[in-house]
Amino acid sequence: MPGAGDRPDRAVFSRLPAALCGRLSGPCGAVPVDFRPGGGPGGARGGLTDAGMTAAALVRTGVQLQTRPKSATGGRSATTTAITFAIWTCILSQKLALPNNIEVTVLVMAGLLAYLLITRRAFVSLTRLMGFTVLAAVMVSCQIAEAGDRSFSAQAMYIALLLYGMFVVVIPLERDEIRTILRRFQTAALLIAGMVGVDWAAQISGLGMPSMEMLLPRGAFYQSYNYIQPLTWQAAYMKPNGFFMLEASSTSQLLAIALVLEICLFQRLSRMIIFATAQLASFGGTGFVLLLSALLLLPFYVRTRTLVAIAGLALLLAAGASQTPIWKNFSQRSGEIGRKHSSGNGRFVEPYIFMTETMGSSDRALISGIGPGNGKNETDRTGQLVMNPVSKAVVEYGLLTAIVWMLFLHGCTLFSKAPFAASFVVIVQYDFLNGSLLMPISLAYCYLLSAAYVRTAKSPSVFFRRDDTVDLRHLSID
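Here is a short report on the structure shown in this document. (Residues numbered from 1 in each chain as written. Predicted model: local features only at pLDDT ≥ 70, side-chain atom pairs only at ≥ 80, totals over all residues. Heavy atoms only, no water.)

**Overview of the packing of aromatic side chains**
To keep things clear, this is the line we draw: Note on aromatic contacts: the rings of Phe and Tyr and the six-membered ring of Trp form a pair at centre separations within 6.5 Å, being stacked when their planes are under 30 degrees apart, edge-to-face when over 60 apart, and tilted otherwise. Comment: elements are numbered from the N terminus, with helices defined as DSSP H or I runs of at least four residues and strands as E runs of at least two. Partly exposed describes any residue whose relative accessible area lies between the buried limit of under 20% and the exposed limit of over 50%, with all areas from a 1.4 Å probe on protein chains only and scaled to the type maximum.
Counted under the stated rule, the structure contains ten aromatic pairs. When the centroid spacing of 5.1 Å and the interplanar angle of 85° are considered together, the rings of Tyr164 and Trp405 count as edge-to-face. Placement of Tyr164 in helix α6 (residues 154–165) and of Trp405 in helix α18 (residues 399–414) is noted, with a sequence separation of 241 residues between them. A single burial state applies to Tyr164 and to Trp405, both of which are buried. Residues Phe185 and Tyr445 carry aromatic rings whose centres are separated by 6.5 Å and whose planes lie at 80° to one another, so their mutual orientation is edge-to-face. Linking Phe185 in helix α7 (residues 175–204) with Tyr445 in helix α20 (residues 440–451), this pair joins segments that are 260 residues apart in sequence. Taken as a pair, Phe185 and Tyr445 share a single burial class, namely buried.

Listed below in structure tokens is the structure:
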């Protein structure tokens, strides 16, 4: 018989299953210990083996095996499902608004972030919170300093802080989970591509283009957008808006984003053909601008053989389009940039002329702008002025606030864990093709397709956490 000091439980523990010989934690959240021989805090003395506990004793004392938390697997699956739901809902409801012209997208994003924060699937980045605090301080102080000399919309400033404040919330996901979300976005874009086909089929058959405006009262829609536009002045056919999209340009931009992601990340030939065809059929010029800018990405994502195939496909599509009104529309739109009083000039030239003139008008306008909400009230010589976010931020809030603002937004988006192709296309859409500084759907694209994601937290047990979202070493190309 062994003596009391011989520890017969060593033989018991040597025969325990490997899965059981792991880390243990007490029922009250005690420090995890290892009950293998010599394990645990403090070496041999601190291990449960030294206490002479057998497997049966472990059960009687209530010590439980520390397994992988549910949030590490099923929790992240719930996270991707919630984000997918938000993406689809934002796309399909972007036309809809509540009283006071509050887009439904705002409520969708607020609900998503509330759910993820409450369930501890998302966290507040301390790095981003500090950046946003600087932005808010500069913005508010510059406007308060000029409050006595001019009027401005405090409501517009508060809405800006609310919309951009969501970028301080980060969602830790693995790279493959982010790609899953992007793949599901592609499915939503596939639906919109199909609706473009439905729009054309209905018009060609003489039924007229189906429109959500036929089903709901005018007050239910987000205002200030051209939901239905003719191809040209007094044309018989309308530009397809995919039924759910704000206008034809929104459809064109969404399909362009999907096509770039498909070429760079997924490379499914059938999807490429569908998105490219629907993009051409949308008759939207802004989508072409996005596609041209994305040519910079191709050498980093596509092999030479694939590049040749894509070029051949593009030539075939161009040759086919040259025999249709699509080519005529493209040539007309591309010539608009240099022609005053045109849509292209009002979107890509006039905003920067207006911005430089405003900055040079006075030192106050340079530092504090002309006030939130006053952007287009000052002058609109052409009647076609479309203020993109960069020019609008400088004109309304001043150069200092605009610099901090754009550094914050671009830092969150470009240095996230998302594939760089996704970050690139959404930031191009935001900078040059988005017609408003406070456009919820454009901000939703930036956040849900790129800016939200950081590396998986090692111990996601606190509300605040530090992350690497502004570390240049984590800028990914694939």
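**Quick notes on the environment of Arg184**
The criterion, for reference: Under this definition, polar contacts are N or O atom pairs within 3.5 Å; protein pairs additionally need one hydrogen-donor-capable and one acceptor-capable atom, and for neighbouring residues in sequence, both atoms have to be side-chain atoms.
For Arg184, the position within the fold is in helix α7. The spacing of Arg184 and Ile83 is 101 residues in sequence and 9.7 Å in space, taken between C-alpha atoms. Within polar-contact distance, the side chain of Arg184 engages the backbone oxygen of Thr80 at 3.5 Å.

**Side note on the nonpolar core**
Here is the rule: Grouping buried Ala, Val, Leu, Ile, Met, Phe, Trp, Tyr and Cys residues that are joined through side-chain atoms within 4.5 Å yields what is termed a nonpolar core.
One finds Tyr164, Phe167, Phe185, Trp405, Tyr447 and Leu448 to be the most contacted residues of the largest nonpolar core, which totals 116 residues. Top contributing element to this core by residue count: helix α8 (residues 248–266), with twelve residues.

**Quick notes on unusual backbone geometry**
With phi around 60°, Asn101 is a residue other than glycine that occupies positive phi space. Mapped onto the elements, Asn101 comes out in the loop between β4 (97–98) and β5 (102–103). You will see that Gln267, though not glycine, has its phi angle at about 55°, which is positive. Relative to the helices and strands, Gln267 resides in the loop between α8 and α9 (269–281). By relative accessible area, which is 35% here, Gln267 ends up partly exposed.

**Let's talk about the packing of α7 against α9**
Worth spelling out the cut-off: Lines are fitted to the C-alpha atoms to define the axes, a helix being fitted only along its stretch in contact, and any angle between axes, read from their N-to-C directions, falls within 0 to 180 degrees. Oblique is the label for every angle not falling under 35 degrees (roughly parallel), over 145 degrees (roughly antiparallel), or within 65 to 115 degrees (roughly perpendicular). Crossings are assigned a handedness: left-handed for a near helix turned anticlockwise from the far helix by less than a right angle, right-handed for a clockwise turn. Working rule for contacts: check all heavy atoms of both residues, and any pair within 4.5 Å makes them a contact. Three residue categories are used. Nonpolar comprises Ala, Val, Leu, Ile, Met, Phe, Trp, Tyr, Cys and Pro, charged comprises Asp, Glu, Lys and Arg, and polar comprises the others, including Gly.
Taken N-terminus to C-terminus, the directions of α7 and α9 make an angle of 45°; their axes are 9 Å apart at the nearest point. Accordingly, the angle class assigned to the pair α7 and α9 is oblique. As α7 runs across α9, the sense of the crossing is left-handed. Side by side, α7 and α9 meet where Gln186, Thr187, Ala189, Leu190, Ala193, Val196 and Trp200 of the first sit next to Arg271, Ile274, Phe275, Ala278 and Ala281 of the second. Here the residues of the contact of α7 with α9 are counted per class, giving nine nonpolar, two polar and one charged.

**Concerning the pairing of strand β7 (residues 169–172)**
Defined as follows: Following DSSP output, two strands are said to pair if at least two bridges run between them.
Alternating positions in β7 separate into two faces, Val169 and Ile171 on one and Val170 and Pro172 on the other, with burial throughout. The pairing of strand β6 (residues 123–125) with β7 spans two bridges and is classified as antiparallel. When the bridges of β7 are listed, Val124 appears paired with Val169. As defined by bridge partners, β7 adjoins strand β8 (residues 453–454) across two bridges and the pair is classed as parallel. Looking across to β8, one finds that Pro172 is bridged to Val454.

By themselves, these figures tell us nothing about what the structure is for.
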